[in-house]
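# Overview (structure and organization)
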Amino acid sequence: AAKPKLWYFRGRGRMESIRWLLAAAGVEFEEEFLETREQYEKLQKDGRLLFGQVPLVEIDGMELTQTRAILSYLATKYNLHGKDPKETGFSWIESSCCFVRIDMYAEDTLDLMMMVVVAAFKPPEEKEESLASVVKKAKTQHFPVFEKILKDHGEDFLVGNKFSWADIQLLEAILMVEELDASVLSDFPLLKEFKTRTNNIPTIKKFLQPGSQRKLPPDNHYVKVVRNVLQF
Ligand SMILES: CCCCC[C@H]1O[C@@H](O)C[C@@H]1SC[C@H](NC(=O)CC[C@H](N)C(=O)O)C(=O)NCC(=O)O
């Protein structure tokens, strides 16, 4: 089958969590980078952006947009969306306890990361304030919940003791916030252990090596290109 093809800017933005999920699943993917307004207008003219927006992912003969929908499709396709009812013999509703929790946790880490994505486009002083607020929210609102989840069930992974989309995205969010404040996990021993464990999963370890398709934090060039392409 053809490799999935990702259409986005050469930066993290909303596409980075999709790159993480594919990489963690060991799935090779291609990328088309939007550098000019013409590229974006051609995608629109060719009717490939349902709502006029990217991320766009070409996969299984479909042209998918909407980040969360894409992530959910990929998580299911690559068996990262909880225990398969066929595996467990549970009914759909019994196993829904798992994948809806995966969705909840993934939604939360995506909200946290989107604050960082949007901050890149703010003027310097506002940006600093926003990023400080991200660290504070991570420490007081988001990470304490995940620490408690790990504490309460004492398992290696967030849901059903099976590696899932939620684990991948929690690691991505931890690393992203650590880029802002390296001591952010100092009060979260279980998250520290979780980070070490998941960092060492072979496919993730490979994605964290230099030369992988993981993107760098947003810089002025990235912001300039996005503003130019989207004309905002
Ligand atoms: C102030 C924040 C600006 C962020 C702008 C973009 O840069 C990225 O880092 C984040 C976004 S991504 C680009 C943006 N896409 C979205 O907003 C997608 C939202 C959608 N719900 C999704 O989840 O995929 C875009 O195509 N806009 C064109 C336009 O709506 O007409």
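To be clear, the structure that these remarks concern was listed above.
Scoring rules and cut-offs
Residues numbered from 1 in each chain as written. Predicted model: local features only at pLDDT ≥ 70, side-chain atom pairs only at ≥ 80, totals over all residues. Heavy atoms only, no water. Helix = DSSP H or I, 4+ residues; strand = E, 2+ residues; numbered from the N terminus. Buried < 20%, exposed > 50% of the residue type's maximum accessible area, 1.4 Å probe, protein only. 1 Å grid on protein atoms, 1.4 Å probe; cavity = no way out; pocket = protein on both sides within 12 Å on 5 of 7 lines; lining within 4 Å. Points joined across faces, edges and corners; volume = space filled by probe spheres on them. Nonpolar A, V, L, I, M, F, W, Y, C, P; charged D, E, K, R; others polar. Pairing = 2+ DSSP bridges. Axes fitted to C-alpha atoms, helices over the stretch in contact; angles between N-to-C directions. Near = heavy atom within 4 Å. Polar contact = N/O pair within 3.5 Å; in protein donor to acceptor, adjacent residues only side chain to side chain. Areas by Shrake-Rupley, 256 points an atom, 1.4 Å probe, with all protein chains shown as cover. Sits in = over half its atoms within 2 Å of the grid points.

### Description of unusual backbone geometry
Following V54, the chain continues to P55 via a peptide bond in cis, the omega torsion being 15°. Relative to the assigned elements, P55 resides in the loop between helix 2 (37-45) and strand 3 (56-59). The phi dihedral of D60 falls on the positive side, at around 50°, and the residue is not glycine. Positive phi is not limited to glycine here, since N79 has a value of about 60°. Note that N79 resides in the loop between helix 3 (67-77) and helix 4 (85-88). The exposure class assigned to N79 is partly exposed, which follows from its relative accessible area of 37%.

### Regarding the layout of surface pockets
Estimated volume of the largest pocket: approximately 420 Å³. Forming the walls of the largest pocket are 21 residues, and the residues nearest its centre are Y8, R14, Q53, V54 and L230. Among the secondary structure elements, those contributing two or more residues to the lining of the largest pocket are helix 3, helix 5 (92-119) and helix 10 (220-230). Across the lining of the largest pocket, the residue classes break down as 14 nonpolar, 5 polar and 2 charged.

### What about the sheet that holds strand 3?
Across the sheet, which stays open at both edges, the 4 strands sit in the order 2-1-3-4 with mixed pairing between neighbours. The open sheet has two free edges, formed respectively by strand 2 (30-33) and strand 4 (62-65), since each of these has just one partner strand. Each strand of the sheet is rotated relative to its neighbour by a mean of 20°, with strand direction disregarded. Pairing geometry for strand 3 and strand 4, over 4 bridges, is antiparallel. Counted as the bridge partner of V57 is L64 from strand 4.

### Points about the site of the ligand
Taken together, 16 residues lie around the ligand, and Y8, V54, Q66, T67 and Y222 are the ones closest in. At a separation of 3.5 Å, an oxygen atom of the ligand approaches a polar side-chain atom of R14. Here V54 contributes a backbone N or O atom positioned 2.7 Å from a nitrogen atom of the ligand. Protein burial of the ligand: of its 720 Å² of free accessible surface, 74% is covered by the chains. Because more than half of its atoms lie within 2 Å of the grid, the ligand is assigned to the largest pocket.

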